[in-house]
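# Structural description and commentary
The lines below spell out each chain.
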Amino acid sequence: MQLHCFTVGLFSVNTYLIVDPATKQAAIVDTGESEELVQRLRAMDPPPDIRAILLTHAHVDHAGALTALQREWEVPTYLPRLEIPLFESLPEQGNWFGMPQLNRPCGRIDHLIDDGDEIELGELRLRFLSTPGHTPGQGCFYDDEDIIVGDTLFAGSVGRTDFPMSDPALAQKSLRRLLELPGHLRVHSGHGPVTTLARELERNPFLAFLRKERGLG
Ligand SMILES: [Zn+2]
């Protein structure tokens with residue numbers, strides 16, 4: 001896939017535009033919480049042929065601008081099924097962080113996705129891996145070269161599990177599954193720089209439990 005990263009909003013969240021090189025059909029992954037992504041996408045020349053909106057998870061920095069995007073692009077929107085409870089909290093999520101100005105409307109969901117599902121985008125096949133823990137249903141979208149992981153894994157870190165609806169034990173299970181994918185996969189996280197699964201398995205301090213399990217020093 002071709003990937004454009006747009007870092008937007010108060011939380012410097014990485015949102016992505018995935019483009020199928022064959023047909024130029026495109027999908028947005030995550031939204032930010034402000035109008036910024038809409039503006040950045042509208043400034044693209046030629047304009048992207050946006051066919052879908054995908055959400056890795058429903059924290060306000062990743063899903064809060066969904067209605068703003070849907071006003072601009074009336075396209076099918078995909079949410080991990082297990083993420084529904086968190087998604088439904090968007091109108092009061094700002095309160096959790098002491099920032100009621102960040103409460104957002106939910107927007108429209110057209111497709112609920114489950115572990116192992118595939119989404120077609122032109123000739124691209126995006127696979128979905130469910131990696132709950134940071135949130136009840138967060139997940140990753142990937143092909144043979146790239147994986148967009150939301151807040152599951154960062155370069156040198158992992159997603160926090162001290163939020164309402166987080167589950168640290170589930171997060172460990174999810175990291176174990178994620179790191180079973182091929183090491184060459186380029187990891188595009190919800191915050192921070194690009195890395196690879198192999199690099200993180202080698203040196204991420206939060207994956208020491210996996211190195212131990214696998215006898216990797
Ligand atoms: Zn998050």
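Attention here is on the structure that accompanies the text. (Residues numbered from 1 in each chain as written. Predicted model: local features only at pLDDT ≥ 70, side-chain atom pairs only at ≥ 80, totals over all residues.)

Looking only at helices and strands, one finds eight helices and 14 strands in the chain. In terms of overall dimensions, the chain is globule-like: its C-alpha atoms have a radius of gyration of 16 Å, near the 17 Å expected for 217 residues. Based on the C-alpha atoms only, the size of the chain along its principal axes is roughly 50 × 45 × 25 Å. Within the chain, the proportion of its 217 residues that are buried is 43%. Look at the contacts in the chain between residues 6 or more apart in sequence, and 62% of them connect residues 24 or more apart. (Helix = DSSP H or I, 4+ residues; strand = E, 2+ residues; numbered from the N terminus. Rg over C-alpha atoms; globule rule 2.2 N^0.38 Å. Buried ≥ 20, exposed ≤ 12 C-beta atoms within 10 Å, placed from the backbone. Contact = placed C-beta atoms within 7 Å.)

This part covers the sheet that holds strand S5 (residues 77-80). Spatially, S1-S2-S3-S4-S5-S6 is the arrangement adopted by the six strands of the open sheet, whose pairing is mixed. The strands lining the two open edges of the sheet, one partner per strand, are strand S1 (2-8) and strand S6 (111-113). Looking at each pair of strands side by side, their axes are set apart by 25 degrees on average, direction ignored. Pairing between strand S4 (residues 49-54) and S5: two bridges, direction parallel. Bridge assignment links Leu54 to a residue of S5, and that residue is Tyr78. (Pairing = 2+ DSSP bridges. Axes fitted to C-alpha atoms, helices over the stretch in contact; angles between N-to-C directions.)

Turning to the sheet that holds strand S8 (residues 124-130), a few remarks are in order. The strand order across the open sheet formed by six strands is S7-S8-S9-S10-S13-S14, and the pairing between neighbours is mixed. The strands lining the two open edges of the sheet, one partner per strand, are strand S7 (118-121) and strand S14 (195-196). The pairing of strand S13 (residues 186-189) with S14 spans two bridges and is antiparallel. Residue Val187 lies in a different strand from S14, and its bridge partner there is Thr195.

Ranked by size, the top nonpolar core spans 53 residues in total, and within it Ile18, Ala27, Val29, Leu54, Cys140 and Phe141 carry the most contacts. If one sorts the elements of this core by residue count, strand S2 (residues 13-19) sits on top with five residues. (Core = buried A, V, L, I, M, F, W, Y, C linked by C-beta atoms within 7 Å.)

Our next topic: unusual backbone geometry. Each neighbour pair has its own omega, and for Asp45 with Pro46 the value is 0 degrees, a cis peptide bond. By secondary structure assignment, the location of Pro46 is in the loop between helix H1 (36-42) and S4. Positive phi, normally seen in glycine, also occurs at Ser12, with a value near 45 degrees. Within the secondary structure layout, Ser12 lies in the loop between S1 and S2. Ser12 sits in the exposed class, given 12 other C-beta atoms within 10 Å.

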